[in-house]
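Structural description and commentary
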Amino acid sequence: MTVPDLCVSLCGVRLSNPLVLASGILGTSAELLHRVARCGAGAVTSKSCGPTPREGHPNPTVLDWGHGLINAVGLSNPGADEEVPILRDAKARLIPLGVPLIASIFAETVEGFAEVARKVAEAKPDFIEVNISCPNVEAEFGRPFAADPRDAAAVTAAVRRAVSLPVIVKLSPNVADIAAIARAVEAEGADAIAAINSLGPGMVIDLDSGRPILANRAGGVSGPAIRPIAVRCVYDISRAVRIPVIGIGGVTGGRDAAEMIMAGATAVGVGTAVYYRGPEVFGHIRDELAAFMGTHGYSSVLQMRGVAHGA
Ligand code: DHB
């Protein structure tokens, strides 16, 4: 049996395997990003950073509800000025490992996105991820930009003009036609799409107190329960656009990663599975994916990509 080639090219950047640390999971420090890279991730994404420091929502912010997690972290971050040295440090640690760094950003306005992108680009990450799909700040920020093709396109165009790095736009599953949003951001120069962000918001109520458990009451739903939705979104997006897709949502094992790739993903995000299997999950899923490919006769990720679409 030949050893399958797990290496992928994402916008011309080499990943030794398709597994990417999703944003918001352990991405808050250079040390943690480095640790995840050492555990076998093909690329790592930092926690989304905005123009100014934010504490985020009060605790409890994360809950295991039995079939995944629900969270309302509230985009806690140190602000772009503080983030730049963290990303610089992370980049310096990741270079020797050959693991690319994706710097995730958010803002409240189109111009805010451009400003944060410009600032964060100073740290020379390999990609910028544009988070237009956080489900937890609607009360403050209004409807997410990812909910409307024109809004999503406007943010993409502004970030595209602001930086020369590859731009990944992260979409929300909470829309009627995700393919239309994907086409809109591709038309404005997005280099890749990340899909999906967490689902919802959802709510879990504590039956003893009769009150919602999260302090924010509602939060983004993630984990195994949302995987079929993520797979369908990746399938629809990869039919609609030519740019690569990072498939994210509930991937916990090697077979789940294979499913995302068959749906059309070039790379595969892993987030909630870190809660279930620890940071070592990246090495585990990588090895499980290689074993699956070996037994099913796939010699490369490219050969498996999009097979669900048929001839
Ligand atoms: C948060 C942001 C997200 O994009 C998400 O999917 C879930 C939570 C947050 O910081 O609240």
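Higher on the page you've got the structure.
Being a predicted model, the structure only gives us computed values, none of them experimental. (Residues numbered from 1 in each chain as written. Predicted model: local features only at pLDDT ≥ 70, side-chain atom pairs only at ≥ 80, totals over all residues. Heavy atoms only, no water.)

Further remarks concern the overall build of the protein chain. When you go through the protein chain residue by residue, the secondary structure sums to eleven helices and 16 strands. Along the first, second and third principal axes, the C-alpha set of the protein chain runs to 55 × 50 × 40 Å. Looking at the protein chain as a whole, 58% of its 311 residues are labelled buried. Sequence separation of 24 or more characterises 71% of the internal contacts of the protein chain that already satisfy a separation of 6 or more. For the protein chain, the accessible surface area stands at approximately 12600 Å², while carbon and sulfur atoms represent 52% of it. Within the protein chain, the 30 negative side-chain charges are centred at a point lying 4 Å from the centre of the 27 positive side-chain charges. (Helix = DSSP H or I, 4+ residues; strand = E, 2+ residues; numbered from the N terminus. Buried < 20%, exposed > 50% of the residue type's maximum accessible area, 1.4 Å probe, protein only. Contact = heavy atoms within 4.5 Å. Areas by Shrake-Rupley, 256 points an atom, 1.4 Å probe, with all protein chains shown as cover. Lys, Arg positive; Asp, Glu negative; His and termini not counted. Charge placed at Lys NZ, Arg CZ, Asp CG, Glu CD.)

This part takes up the packing of aromatic side chains. Overall, the coordinates contain three aromatic pairs when judged by the stated rule. Taking 5.3 Å as the distance between ring centres and 65° as the angle between the ring planes, the aromatic pair formed by Y275 and Y276 counts as edge-to-face. (Phe/Tyr/Trp six-rings, centres within 6.5 Å; stacked < 30°, edge-to-face > 60°.)

Around the ligand lies a shell formed by K47, N71, A72, V73, G74, L75, N131, C134, P135, N136, N197 and S198. Backbone polar atom of V73 to an oxygen atom of the ligand: 3.2 Å apart, as the coordinates give it. For the ligand, whose accessible area on its own is 290 Å², the fraction buried by protein is 90%. Put simply, the ligand lies in the largest pocket. Among the residues making up the shell around the ligand, the classes are represented as five nonpolar, six polar and one charged. (Near = heavy atom within 4 Å. Polar contact = N/O pair within 3.5 Å; in protein donor to acceptor, adjacent residues only side chain to side chain. 1 Å grid on protein atoms, 1.4 Å probe; cavity = no way out; pocket = protein on both sides within 12 Å on 5 of 7 lines; lining within 4 Å. Sits in = over half its atoms within 2 Å of the grid points. Nonpolar A, V, L, I, M, F, W, Y, C, P; charged D, E, K, R; others polar.)

What follows is about helix 6 (residues 178-187). Those residues of helix 6 lying buried are I178, A179, I181, A182, A184 and V185. Looking at the buried positions of helix 6, the neighbouring elements they touch are helix 5 (149-162), strand 9 (167-170), strand 10 (192-195) and helix 7 (227-240). Positive phi shows up at G189, right after helix 6, with a value of about 100°.

Secondary-structure assignment places K47 in the loop between strand 4 (43-45) and strand 5 (62-64). In sequence terms K47 and P125 are 78 residues apart; their C-alpha atoms lie 13 Å from each other. In this view, K47 contacts S23, G24, G27, T28, V73, L75, S76, E83 and S104; residues no more than four positions away in its chain are not counted.

Here we take up the state of the cysteines. Counted under the stated rule, the structure contains zero disulfides. Of all cysteine sulfurs, the one in C49 lies closest to C134, which takes part in no disulfide; the gap is 14 Å. Judged by relative accessible area, which is 13%, C134 ranks as buried. (Disulfide = S-S within 2.5 Å.)

What follows covers the pairing of strand 8 (residues 127-131). Most of strand 8 is tucked away, with five of its five residues classed as buried. Taking every second residue as pointing to the same face, both faces of strand 8 are buried, with F127, E129 and N131 on one and I128 and V130 on the other. In the classification by handedness, the crossover that spans strand 7 (residues 101-105), the intervening helix 3 (residues 110-121) and the parallel strand 8 is right-handed. The sheet contact formed by strand 8 and strand 9 spans four bridges and is parallel. By the bridge assignment, E129 is partnered in strand 9 with I168. (Right-handed = clockwise from strand over helix to strand, strands pointing away. Pairing = 2+ DSSP bridges.)

Of the voids in this model, the largest pocket is the one considered here, and its volume is about 680 Å³. As for the largest pocket, its lining consists of 37 residues, of which S23, G24, I25, N71 and S222 are closest to the centre. Of all elements in the fold, only strand 6 (69-71), strand 8, strand 16 (267-270) and helix 9 (273-277) reach the threshold of two or more residues within the lining of the largest pocket. Broken down by element, the residue count for the lining of the largest pocket peaks at three residues, all from helix 9. Tallied by class, residues from the lining of the largest pocket come to 17 nonpolar, 17 polar and three charged. (Points joined across faces, edges and corners; volume = space filled by probe spheres on them.)

Moving on, we come to the pattern of salt bridges. On inspection of all chains with the given rule, the structure shows 17 salt bridges. The closest approach of N and O atoms between R93 and D89, which form a salt bridge, is 2.9 Å. Taken together, the residues span about one helical turn, with R93 and D89 both in helix 2 (residues 80-94) at a distance of four residues. Looking at R93, the relative accessible area reads 28%, which means it is partly exposed. The exposure class of D89 is partly exposed, given its relative accessible area of 30%. R160 is paired through a salt bridge with D191; the nearest N and O atoms lie 2.5 Å apart. (Salt bridge = Lys/Arg side-chain N within 4 Å of Asp/Glu carboxyl O.)

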